[in-house]
Structures are given as C-alpha cells and as structure tokens.
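One letter stands for each residue in the lines below.
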Amino acid sequence: MNATTTATAPQQAVRVNCDRCGVRALSLAILPDGGELAFCGHHGRAHHDGLAAAGAQLIPLP
Ligand SMILES: [Zn+2]
C-alpha cells in the first residue's frame, strides 16, 4: 500500500494556504480594502456568505 504520495507540482507559481487551518487553499477572497484572505474548500464555504456580504471578491484557485 502506498502512503499518500507527495506529488511535487512541476511549476506552481503560487502556493497559498488557508488562513484558518493551514491546508492548501482553494479560493482567494479579495477584500474591498485590498486585503486578501485564502480559504480551503471547507472554510471557503463557511465564510462565503460573510465575505460576499462584505463585498469581497472570491476567486477560485487552480
Ligand atoms: Zn481551512
């Protein structure tokens, strides 16, 4: 049995981790004041409504 293989991405320009839990982020929230927050799938969903209400732009990461 193979353990989780740590696949090294060939050329990943940006590597972002969730600001809440530290796992790989799947979305980036651009705040109206210029701030940026990164969220994993779980926290992205959890905070989506609040971010949208605050006028943040949510950008999916590759
Ligand atoms: Zn998270």
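Fair warning: this is a prediction, and the values are worked out from it, not measured in the lab.

The subject of this paragraph is the side chain of His 43. Residue placement: His 43 occurs in helix α1 (residues 41–53). His 43 gets classed as buried once you look at its relative accessible area, which sits at 17%. Sequence-distant contacts of His 43, defined by excluding residues within four places in its chain, comprise Cys 18, Arg 20 and Cys 21.

Here the focus is the coordination of the zinc ion. Coordination sphere of the zinc ion, protein contribution only: Cys 18 (SG), Cys 21 (SG), Cys 40 (SG) and His 43 (ND1), at 2.0 to 2.4 Å. With four donor atoms in place around the zinc ion and angles of 103 to 114° between them, the coordination shape is tetrahedral.

Turning our attention to the environment of Arg 45. Residue position: Arg 45 is located in helix α1. Overall, the relative accessible area of 73% leaves Arg 45 in the exposed class. Put simply, Arg 45 and Ser 27 are 18 residues apart on the chain and 9.6 Å apart in space, counted from C-alpha to C-alpha.

We now examine α1. Along its 13 residues, α1 runs 19 Å from first to last C-alpha, staying within 8% of the 18 Å computed at 1.5 Å per residue. At His 47, α1 shows its maximal bend, which comes to roughly 50°. Along α1, the residues that are buried comprise His 43, Gly 44 and Leu 51. Tucked inside the fold, the buried residues of α1 contact β1 (27–30), β2 (36–39) and β3 (57–60). Once α1 ends, the next one or two residues include Gly 55, with phi positive near 85°.

Definitions and limits used
Residues numbered from 1 in each chain as written. Predicted model: local features only at pLDDT ≥ 70, side-chain atom pairs only at ≥ 80, totals over all residues. Heavy atoms only, no water. Helix = DSSP H or I, 4+ residues; strand = E, 2+ residues; numbered from the N terminus. Buried < 20%, exposed > 50% of the residue type's maximum accessible area, 1.4 Å probe, protein only. Contact = heavy atoms within 4.5 Å. Donors = N, O, S within 2.8 Å, 3.2 Å for Na, K, Ca; no water. Tetrahedral: all angles 85-135°; square planar, octahedral: opposite > 155°, others 65-115°. Expected span 1.5 Å × (residues − 1). Bend = angle between axes of the 7 residues up to and from the residue.

Fair warning: the whole summary comes from geometry, so function is off the table for now.
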